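Chain by chain, the residues:
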Amino acid sequence: GRDILDLESLSVEEIELVLKTAEEMKKIMKRDIKKVPSLRGKSIINLFYEPSTRTRTSFELAGKYLGADVVNITTSSSSVVKGECLRDTILTVQSMACDAIVMRHPIEGAAAYAAKVADPVIINAGDGAHAHPSQGFLDMFTIREQGKNLKGLKMAIIGDILYSRVARTNIAAWTKMGAEVHVAGPMTLLPHDIASLGVTVHKRVEEAIEGADVIDILRIQLERQQKGLFPSPREYARIFGINENRLKLAKPDVTVLHPGPMNRGLEISWEVGYCDNAAIRTEVQNGVAVRMALLFLTLTGGKHIENVD
Ligand code: CP
């Protein structure tokens, strides 16, 4: 097996393999009995140092649909509260003969550190503002499922680029796959290295979304903004919030993505969140399929895929 820490370190061929495998996994998800024995006898531990609804639940279901045993550790009710360090927690989990650790942590590089000290496969489920590779895969899968090949598409990423591991991951993936990536957000929420990421930066959100094939609306991560949001939430919604009028600037068949959870009325209006272009719940569904593919490929090397046709 090999670790999945970010998308920068994967080749286009490896990305294609995950997406193709996820197509097979989605067929398994659509069955009445969505359980196959591909990972029977494997154990997976979800180790989450930050809250999660989508990622944790979908990794758990993904493992279970493939026949693995999955255990969740929520650090707030674990011995982390008693002061156990990350290394000891990982080695403790490893001693229970687990095969993979799916890990979310607030510090950038925590998953890479875990991969250095531990033998099981490490899958990064989000490390600080750095990377969220399974989100990157589910977004690419969702876009391609709509018949849009990434090459040459205009992609707009809007909002809190600075604190967003989703933005950093999708910028890396989409530029690698040949898309044109445009970003817009408050100056206070742009990273210092934005010029080196291969994107076009716009001051006005309207310029970024004009003629866009895909708009990725980021969650404003209030929990990471120690000094509070600047501009204020009300100003942010007025200047950068995606509402129906702004959405009309994009292509009529624009795909609207949002990693969730949404701050409705802040970065996305209620109407846009529920509109026909919004693929937000499809992203969640595809999240299970791509996580099945990631667990399957990392734990078996792809040798025992069941023919689902
Ligand atoms: N998109 C995402 O990572 O959502 P959760 O924080 O609910 O897992």
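The model shown is predicted, which means the values in this text are computed figures rather than measured ones.

(A) Structural context of unusual backbone geometry. Looking along the chain, the bond that leaves Gly 260 and enters Pro 261 is cis, with omega of -10°. Here Pro 261 shows up in the loop between strand E9 (255–257) and helix H10 (270–274). In the Ramachandran plot, Ala 97 falls in the positive-phi region, its phi being about 65° despite a non-glycine side chain. Note that Ala 97 resides in the loop between helix H3 (86–95) and strand E3 (100–105).

(B) Structural context of the packing of aromatic side chains. On inspection of all chains with the given rule, the structure shows one aromatic pair. Of note, Arg 264 hangs over the ring of Tyr 274, and the distance from its end group to the ring centre comes to 4.0 Å.

(C) Local environment of the site of the ligand. For the ligand, the full set of nearby residues is Ser 52, Thr 53, Arg 54, Thr 55, Arg 104, His 132, Gln 135, Pro 259 and Gly 260. Here an oxygen atom of the ligand sits 2.9 Å away from a polar atom, N or O, in the main chain of Arg 54. In isolation the ligand has 250 Å² of accessible area, and contact with the protein removes 91% of it. Assessed atom by atom at 2 Å from the grid points, the ligand resides in the largest pocket.

(D) Representation of the side chain of His 202 in the model. Structurally, His 202 can be placed in strand E7 (residues 200–202). Polar side-chain contacts of His 202 include one of 3.3 Å to the side chain of Glu 207. The residues touching His 202, leaving out its near neighbours within four places in the chain, are His 182, Val 183, Ala 184, Gly 185, Glu 207 and Ala 208.

(E) Region of interest: the pairing of E3. Within E3, six of the six residues are buried, which leaves it mostly tucked inside the rest of the structure. Of the two faces of E3, the one lined by Ala 100, Val 102 and Arg 104 and the one lined by Ile 101, Met 103 and His 105 are each fully buried. Two strands pair when backbone bridges link them, and strand E1 (residues 43–48) and E3 are joined in this way by five bridges, in the parallel orientation. Residue Leu 47 lies in a different strand from E3, and its bridge partner there is Met 103. Judged from the five bridges that link them, E3 and strand E4 (residues 121–127) form a sheet pairing that is parallel. Within E4, the position partnered with Ile 101 by the bridge is Ile 122. Each parallel crossover has a hand, and for E3 linked through helix H4 (residues 110–117) to E4 it is right-handed.

(F) Focus on the packing of helix H1 (residues 12–29) against helix H11 (residues 280–300). Where H1 meets H11, the axes come as close as 8 Å, and the angle between the chain directions of the two elements is 115°. In this structure, the crossing between H1 and H11 has a hand that is right-handed. Side by side, H1 and H11 meet where Leu 17, Val 18, Thr 21, Ala 22, Met 25, Lys 26, Ile 28 and Met 29 of the first sit next to Gln 285, Asn 286, Val 288, Ala 289, Val 290, Met 292, Ala 293, Leu 294, Phe 296 and Leu 297 of the second. In terms of residue class, the contact of H1 with H11 is built from 14 nonpolar, three polar and one charged.

Rules and cut-offs
- Residues numbered from 1 in each chain as written.
- Predicted model: local features only at pLDDT ≥ 70, side-chain atom pairs only at ≥ 80, totals over all residues.
- Heavy atoms only, no water.
- Helix = DSSP H or I, 4+ residues; strand = E, 2+ residues; numbered from the N terminus.
- Phe/Tyr/Trp six-rings, centres within 6.5 Å; stacked < 30°, edge-to-face > 60°.
- Lys NZ or Arg CZ within 6 Å of the ring centre and 35° of its normal.
- Near = heavy atom within 4 Å.
- Polar contact = N/O pair within 3.5 Å; in protein donor to acceptor, adjacent residues only side chain to side chain.
- Areas by Shrake-Rupley, 256 points an atom, 1.4 Å probe, with all protein chains shown as cover.
- 1 Å grid on protein atoms, 1.4 Å probe; cavity = no way out; pocket = protein on both sides within 12 Å on 5 of 7 lines; lining within 4 Å.
- Sits in = over half its atoms within 2 Å of the grid points.
- Contact = heavy atoms within 4.5 Å.
- Buried < 20%, exposed > 50% of the residue type's maximum accessible area, 1.4 Å probe, protein only.
- Pairing = 2+ DSSP bridges.
- Right-handed = clockwise from strand over helix to strand, strands pointing away.
- Axes fitted to C-alpha atoms, helices over the stretch in contact; angles between N-to-C directions.
- Left-handed = near helix turned anticlockwise from the far one by under 90°.
- Nonpolar A, V, L, I, M, F, W, Y, C, P; charged D, E, K, R; others polar.

Structural measurements only, silent on function.
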